[in-house]
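# Structural overview for review
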Amino acid sequence: MRQGFAVIVVNYGSHELLAQNFTGETWTHDDATFFIVDNFTSTRELDALRTLAAQHGWRIIASPTNVGFGAGIELGVNAAIAEGFEQLIFINPDVAINRDTLGALHDQVVAEPMVMVSPKIVTNTGRVWFDGGSVDVTSGRVKTTGRADMAAPFAWLTGACLAISTQLWKLAGGFDPAYFLYWEDVDFSQRVTQVGGRLLVRHDLEVIHDVGGTQGDGKSATYLRYNTRNRLLFAAKWLPTRAVRSWVRHTPAESYRVLVRSGRKSLLQASMLRAVAAGTSQGVRAACAPKSRPRSATSPAW
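Owing to the predicted nature of the structure, the values given are computational and were not obtained by experimental measurement.

About the thresholds
Residues numbered from 1 in each chain as written. Predicted model: local features only at pLDDT ≥ 70, side-chain atom pairs only at ≥ 80, totals over all residues. Heavy atoms only, no water. Helix = DSSP H or I, 4+ residues; strand = E, 2+ residues; numbered from the N terminus. Buried < 20%, exposed > 50% of the residue type's maximum accessible area, 1.4 Å probe, protein only. Polar contact = N/O pair within 3.5 Å; in protein donor to acceptor, adjacent residues only side chain to side chain. Core = buried A, V, L, I, M, F, W, Y, C linked by side-chain atoms within 4.5 Å. Contact = heavy atoms within 4.5 Å. Pairing = 2+ DSSP bridges. Salt bridge = Lys/Arg side-chain N within 4 Å of Asp/Glu carboxyl O. Axes fitted to C-alpha atoms, helices over the stretch in contact; angles between N-to-C directions. Parallel < 35°, antiparallel > 145°, perpendicular 65-115°, else oblique. Left-handed = near helix turned anticlockwise from the far one by under 90°. Nonpolar A, V, L, I, M, F, W, Y, C, P; charged D, E, K, R; others polar. Expected span 1.5 Å × (residues − 1).

### A word on unusual backbone geometry
Even without glycine at this site, Tyr182 takes up a positive phi of about 80 degrees. Residue position: Tyr182 is located in the loop between α5 (166-172) and α6 (184-194). Accessibility expressed as a relative area gives 21% for Tyr182, which makes it partly exposed. Its identity is not glycine, yet Trp183 carries a phi of approximately 75 degrees, on the positive side. Inspection of the secondary structure assignment puts Trp183 in the loop between α5 and α6.

Here it is, written out as C-alpha cells:
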C-alpha cells in the first residue's frame, strides 16, 4: 500500500494547459503523485512535457501512438497501481482544481472505496457544465446539468474529473477502449453500479472547466465523429433491441444537435459533415449488428 494518491491526466497536445492548471501553490498537494499519459502528437510536445515533469516531479507515460482517452487512462492506472496507489483521480488538462477539492475527493474515496465521485464542474464564466449525468433512454440524449439522480438507471459521471479506488476500478473493469473517445465514462458508470458501486456528485466541491480548451475554437471533426458513433455503440451494448431501434430513429436529430454545437457554420464545412456522416454510419452498423448485450442490474424493464 502506498500513502497518498495518484492523479492521472491524458494529454494530447496540451502541455500549455498542464502548465497552467497543474503548477503553482493553488494546486500543489503534498499527497498527490502526478501521472501524465501522453497520447503522441509530436516530439516537440513530448519534450515540453518532459521538461515540465522534471520541474514538478511528474511521471510521464509516453504512448508511441494516440490510443484514445480510455486506453490512455488505463496506462496511467496501471502505472499507479504498480507503484502501490489505492486511490485514483482522473482530471482533464483543461480542468482547474485546487488542493482542497483534490483532497476532499481523495478523502471521499478513502472513506467509501465503493463510491466513484465527481465534483460539480463549471465553466470559466460560472455556468454549470456538469452536476450529474443522465441518459434519456428513449432518444439517447444525454443531460449534464440539473442535478441528475445518481441512483437512477443510466446515471453517469464524467471522466473530466472523478475519483475512484483501485478496488472499484478493478471490479468494474476499467474504461472500454472500444469507445476511443467520448461515452466511455457513461459506459463505465453503468459497470460501476453493476458491481455494487455507487455514483456520487459532490455539489459542494467545484472545479473549473475551460470548455474547448483541448480542442481550440469549436468542436473538432474527431469530437463529431466519436460522439455520433459512440452514442449508438453504447445503445448496442446496453439496451434491448426495441430500445436500440428507438435510438436509431432519433439518430438524425441527435447527430444534427451534435453538429451544431459548434454553431451553424458547421453545416457548411465539408470536413464536419463527413465526420458526422462517418460516425453516424459506424454507430448505426454497431447498433444493428446482432450481439448479446449486458444488462445492468439497475436497467429499467423494457
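From this point, things continue past the structure.
### A few points about the side chain of Gln190
In this fold, Gln190 is placed in helix α6. In this structure the side chain of Gln190 is engaged in a polar contact, spanning 2.8 Å, whose partner is the backbone oxygen of Val186.

### Here's the deal with the nonpolar core
Counting 76 residues, the largest nonpolar core has Phe90 and Ile91 as its most contacted members. Looking at which element gives the most residues to this core, the answer is strand β1 (residues 5-11), with 6 residues. Setting aside residues up to four positions removed in sequence, Phe90 forms contacts with Ile8, Ile73, Val77, Gly159, Ala160, Cys161, Leu162, Ile164, Trp169 and Phe175. Core analysis: the second largest hydrophobic core is formed by 7 residues, Val258, Leu259, Met272 and Ala275 among them.

### Thoughts on the pairing of strand β11 (residues 198-209)
As paired elements, strand β5 (residues 95-96) and β11 share 2 bridges and run antiparallel to each other. Within β11, the position partnered with Val95 by the bridge is His209. Where strand β6 (residues 115-123) and β11 come together, 9 bridges link them in parallel fashion. Bridge pairing in β11 links Thr123 to His209.

### Looking at the pattern of salt bridges
All told, the structure shown has 9 salt bridges when counted by the stated rule. Put simply, Arg59 and Glu83 hold a salt bridge, and the shortest N to O gap is 2.9 Å. Within this pair, whereas Arg59 is found in strand β3 (residues 59-63), its partner Glu83 is found in the loop between α3 (69-82) and β4 (87-91), the two being separated by 24 residues in sequence. Linking Asp187 and Arg191 is a salt bridge whose minimum nitrogen-to-oxygen distance equals 2.9 Å. Taken as a pair, Asp187 and Arg191 lie in helix α6 at a separation of 4 residues, close to a single helical turn.

### Thoughts on the packing of helix α7 (residues 221-238) against helix α9 (residues 251-259)
Taken N-terminus to C-terminus, the directions of α7 and α9 make an angle of 150 degrees; their axes are 10 Å apart at the nearest point. With respect to α9, the element α7 is oriented roughly antiparallel. Here α7 runs over α9; the crossing is right-handed. Taking contact as the criterion, the partners of Tyr223, Leu224, Asn227, Thr228, Arg231 and Leu232 in α7 are, on α9, Thr251, Glu254, Ser255, Val258 and Leu259. The residue inventory of the contact of α7 with α9, partitioned by class, reads 5 nonpolar, 4 polar and 2 charged.

### Overview of helix α10 (residues 270-288)
Since the α-helix advances by 3.6 residues per turn, residues separated by three or four positions end up pointing in the same direction. Helix length check: α10 (19 residues) gives 27 Å between terminal C-alpha atoms against 27 Å at 1.5 Å per residue, within 8%. Of the surrounding secondary structure, the elements contacted by the buried residues of α10 are α7, α8 (241-249) and α9.

### Considerations on the pairing of β1
On any regular strand, side chains alternate: one points to one face of the sheet, the next to the other face. Here β1 lies mainly inside the structure; 7 of its 7 residues are buried. Because side chains alternate across β1, one face comprises the buried residues Phe5, Val7, Val9 and Asn11, and the other comprises Ala6, Ile8 and Val10, equally buried. By the bridge criterion, 7 bridges tie β1 to strand β2 (residues 32-39) in an arrangement that is parallel. Within the sheet, the bridge partner assigned to Val9 lies in β2 and is Ile36.

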